[in-house]
Amino acid sequence: MPDSLRTDLKNLTLPALEQFLQGQGKERYRATQIFKWLYQHDVSSFDEMTNVSKALRAELVRTACISRLEPETVEVGSDGTRKYLFMLEDGNAVESVIIPDEDRNTLCISSQAGCAMQCAFCLTGTFSLTRNLTTAEIVNQILAVQRDVEVRNIVMMGMGEPLHNLDNVIPALQIMAEDNGLQLSSRRVTVSTCGLVPELERLGREVTVNLAVSLNATTDELRDRIMPVNKAYPIATLLAALKNYPLPGRRKITIEYVLLGGLNDTPEDAKRLVRLLSDIPCKINLIPFNPHEGADFRPPSRAALDAFHKYLLDRHFTVITRDSRGSDISAACGQLKGKLDRKPSQESPDV
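Residues numbered from 1 in each chain as written. Predicted model: local features only at pLDDT ≥ 70, side-chain atom pairs only at ≥ 80, totals over all residues. Heavy atoms only, no water.

As recorded in an unreviewed UniProt entry, the protein goes by Probable dual-specificity RNA methyltransferase RlmN and comes from Trichlorobacter lovleyi. Quoted verbatim from the Subcellular location (unreviewed entry) field of the UniProt record, the comment on the protein reads "Cytoplasm". Its UniProt record gives the protein the following Sequence similarities (unreviewed entry) comment, quoted word for word: "Belongs to the radical SAM superfamily. RlmN family." (UniProt positions renumbered as here; feature names shortened; annotations may be inferred.)

Draft legend 1. Molecular detail of the packing of aromatic side chains. The tally for this structure, following the rule as stated, stands at 4 aromatic pairs. Between Tyr-84 and Phe-86, the aromatic rings sit 6.3 Å apart at their centres with planes inclined by 5°, giving stacked as the arrangement. We note that Tyr-84, like Phe-86, is buried. The ring of Tyr-311 has Arg-315 sitting right over it, with the charged end atom 3.7 Å from the ring centre. (Phe/Tyr/Trp six-rings, centres within 6.5 Å; stacked < 30°, edge-to-face > 60°. Buried < 20%, exposed > 50% of the residue type's maximum accessible area, 1.4 Å probe, protein only. Lys NZ or Arg CZ within 6 Å of the ring centre and 35° of its normal.)

Draft legend 2. Broad picture of helix H1 (residues 14-22). Of the residues making up H1, those classed as buried are Leu-14, Leu-17, Glu-18, Phe-20 and Leu-21. All buried residues of H1 lie within an arc of 160° about the axis, which places them on one face of the element. Close packing links the buried residues of H1 with strand E1 (7-8), helix H2 (29-39), helix H3 (54-63) and strand E2 (64-65). (Helix = DSSP H or I, 4+ residues; strand = E, 2+ residues; numbered from the N terminus. Arc of directions from axis to C-beta. Contact = heavy atoms within 4.5 Å.)

Draft legend 3. Looking closely at the UniProt feature "binding site: S-adenosyl-L-methionine" (unreviewed entry) in the protein. Here, UniProt's "binding site: S-adenosyl-L-methionine" (unreviewed entry) annotation points to Gly-160, Glu-161, Ser-192, Ser-214, Leu-215, Asn-216 and Asn-290. Within the secondary structure, Glu-161 is located in the loop between strand E9 (153-156) and helix H5 (166-177). Judged by relative accessible area, which is 3%, Glu-161 ranks as buried. The residues contacting Glu-161, other than those within four sequence positions of it, are Ser-111, Gln-112, Cys-115, Met-117, Ser-192, Thr-193, Cys-194 and Leu-196.

Draft legend 4. Inspection of unusual backbone geometry at higher detail. Positive phi, close to 55°, is recorded for Asp-42, a residue that is not glycine. By relative accessible area, Asp-42 is classed as buried at 17%. The backbone of Asn-216 sits at a positive phi, close to 70°, despite the residue not being glycine. With respect to the helices, strands and loops of the structure, Asn-216 is situated in the loop between strand E11 (210-214) and helix H7 (220-226). In this structure Asn-216 comes out as buried when scored by relative accessible area, which is 0%.

Spelled out as structure tokens, the structure:
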């Protein structure tokens, strides 16, 4: 049977795999065995599942398949950042980036091929949306990178808007958290969104993860210009949804704020940001704009960045200014794909 007619087991959560096997008259516990082989042993064939009967393995070969991703290109930056380009079966390309830190590696993964949100400062938005990634394509990014380096934290902040693909993102998050799966604590998994309000409610209801929200402006006039999603869900609507978002324990929502030189980095912006966020449990990530070809924006000056950071800090916000990482390896979302699109396919990967 061709793969297109078989069930890709990595598209199934553990309960869904139990149902799949029960439909074939198999015991539920077999699902746990298979799940562990997929995610804790990263097997590529059913023959490697040595505690599964030969009869069941033979049946799975006929009815199911195990998908896998291998990087087409890996770029390594001088700061240790590693960027992976994955070619999907239909020819689409997506990216993942591993960002090293002193005590942990954070992997940024993609949820879509392209993006429909069209944020003006984001390179991925210029590709437009080709399609959603499957659950398997999302978790396979993690497995592929884990073969190369240890992964301690996951952020869904790569290509695509995760909340625009919840039917596949939520099962992927459940696989990440599953004790028999990737065994990632919910404290180590973050989903980033530009602010799709109805989907925020569903995300909070169905899974427990850290939430990051890309705000990037303090007025609707500016946010309408740089983030078209604001026309559907303006700042007041988004902030009301954040106030109602179910946060476990003492966790905080991360507010992502890309600083665009001369546009949203003024003292007045900092004052408005304090007023907007005063009653939301949050921490703020300030992100100096990472220039890319064709961009109409520039990074903030060092003085503007430092003043913005200090103003928030003096008002008792937790503030992190995120250093630009991997600037020598096209590490902004979409830059490696864009480079591949412009180069001959036979050119050697830069590894």
